[in-house]
Amino acid sequence: MICQECGKKQATLHFTKILGGEKTEFHICESCAREKGELIPGTPNGFSIHNLLSGLLDFDPTSHNALSSKSQPSRCEHCGLTYSQFSKVGRFGCSECYKHFGEKLDPLFKRVHGNIVHTGKVPKRSGGVIKYKREIEQMKKELLVRIENEEFEKAAQLRDQIKDLEKKLAES
């Protein structure tokens, strides 16, 4: 798809705006986005992508709970970046920021990605072992739930399925 701004380059940023049930799509290239300060075309006051991301970053579940300064430092000890600066810019100053702001990041990642653990994708051809391990792990979690709920027949079926998968895993 060609950029709607310059009409020359390949569009790499794609935005969909829905107002009053009317859907409008925008497709722009990276250089046009940079020239416009990554502004989303057709939006009032030139809403930027950074504003969108900082809106997600402003979510602070710890603000309702009083945390001690020891458990949540307000400034990275390595680069001096504060969480409010991070939420405005959308980037950390150094790799140590992940450790310093870790408690605030987990709820953010959960909100944005739906999980705080990155599982990634498994290649179909070479991911057989990983697929079995993940399936076994998931079934073991379900087995514990079934036992807690005293659903022993279903738990026994799951136990047998887990044993079968573990055999297949050992054979692989």
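Look a little higher up for the structure.
Keep in mind the model is a prediction, meaning the values are calculated, not measured.

Colleague: Looking at this structure, how should I read the nonpolar core?
Modeller: As a rule of thumb, soluble globular proteins bury nonpolar side chains together. One finds Cys 76, Leu 81, Tyr 83, Phe 86, Phe 92, Cys 94, Cys 97, Phe 101, Leu 105 and Leu 108 forming the largest nonpolar core, which totals ten residues. Those elements that provide at least two residues to this core are helix 3 (83-89) and helix 5 (102-113). If we skip the residues at most four places from it in the chain, Phe 92 touches Leu 81, Phe 86, Cys 97, Tyr 98, Phe 101 and Leu 105.

Colleague: Looking at this model, I keep getting lost on the packing of helix 6 (residues 128-148) against helix 7 (residues 152-171). Mind explaining?
Modeller: Packed helices, taken two at a time, are described by the angle between their axes plus the distance between the axes. Their axes nearest at 9 Å, the elements helix 6 and helix 7 cross at an angle of 160°. The orientation of helix 6 with respect to helix 7, classified from their angle, is roughly antiparallel. Seen along the crossing, helix 6 lies across helix 7 with a hand that is left-handed. Seen from helix 6, the contacting residues are Val 129, Tyr 132, Lys 133, Glu 135, Ile 136, Met 139, Lys 140, Glu 142, Leu 143, Arg 146 and Ile 147; seen from helix 7, they are Phe 152, Lys 154, Ala 155, Leu 158, Arg 159, Gln 161, Ile 162, Leu 165, Glu 166, Lys 168 and Leu 169. Residue composition of the contact of helix 6 with helix 7, by class: twelve nonpolar, one polar and nine charged.

Colleague: Looking at this structure, how should I read the pattern of salt bridges?
Modeller: Two side chains carrying opposite charge are able to pair once their charged atoms lie near each other. Throughout the structure, instances matching the rule amount to seven salt bridges. Here Arg 146 and Glu 142 are joined by a salt bridge, their closest N and O atoms 3.1 Å apart. Placement of both Arg 146 and Glu 142 in helix 6 is noted, with a separation of four residues, approximately one turn of the helix. Overall, Arg 146 belongs to the partly exposed group, its relative accessible area being 21%. The class for Glu 142 is partly exposed, based on a relative accessible area of 33%. Across the salt bridge formed by Arg 146 and Glu 151, the nearest N and O atoms sit 2.5 Å from each other. A residue is classified by how much of its surface remains accessible, and Glu 151, at 27% relative accessible area, is partly exposed.

Colleague: Please clarify how the packing of aromatic side chains should be interpreted in this entry.
Modeller: How two aromatic rings sit relative to each other is given by the distance of their centres and the angle of their planes. One pass over the structure, following the stated rule, counts three aromatic pairs. Note on Phe 92 and Tyr 98: the rings are 4.8 Å apart at their centroids and 75° apart in plane angle, and the pair reads as edge-to-face. In this structure Phe 92 comes out as buried when scored by relative accessible area, which is 18%. Put simply, the rings of Tyr 83, Phe 92, Tyr 98 and Phe 101 touch in pairs and so form one group of aromatic residues.

The rules behind these values
- Residues numbered from 1 in each chain as written.
- Predicted model: local features only at pLDDT ≥ 70, side-chain atom pairs only at ≥ 80, totals over all residues.
- Heavy atoms only, no water.
- Core = buried A, V, L, I, M, F, W, Y, C linked by side-chain atoms within 4.5 Å.
- Buried < 20%, exposed > 50% of the residue type's maximum accessible area, 1.4 Å probe, protein only.
- Helix = DSSP H or I, 4+ residues; strand = E, 2+ residues; numbered from the N terminus.
- Contact = heavy atoms within 4.5 Å.
- Axes fitted to C-alpha atoms, helices over the stretch in contact; angles between N-to-C directions.
- Parallel < 35°, antiparallel > 145°, perpendicular 65-115°, else oblique.
- Left-handed = near helix turned anticlockwise from the far one by under 90°.
- Nonpolar A, V, L, I, M, F, W, Y, C, P; charged D, E, K, R; others polar.
- Salt bridge = Lys/Arg side-chain N within 4 Å of Asp/Glu carboxyl O.
- Phe/Tyr/Trp six-rings, centres within 6.5 Å; stacked < 30°, edge-to-face > 60°.

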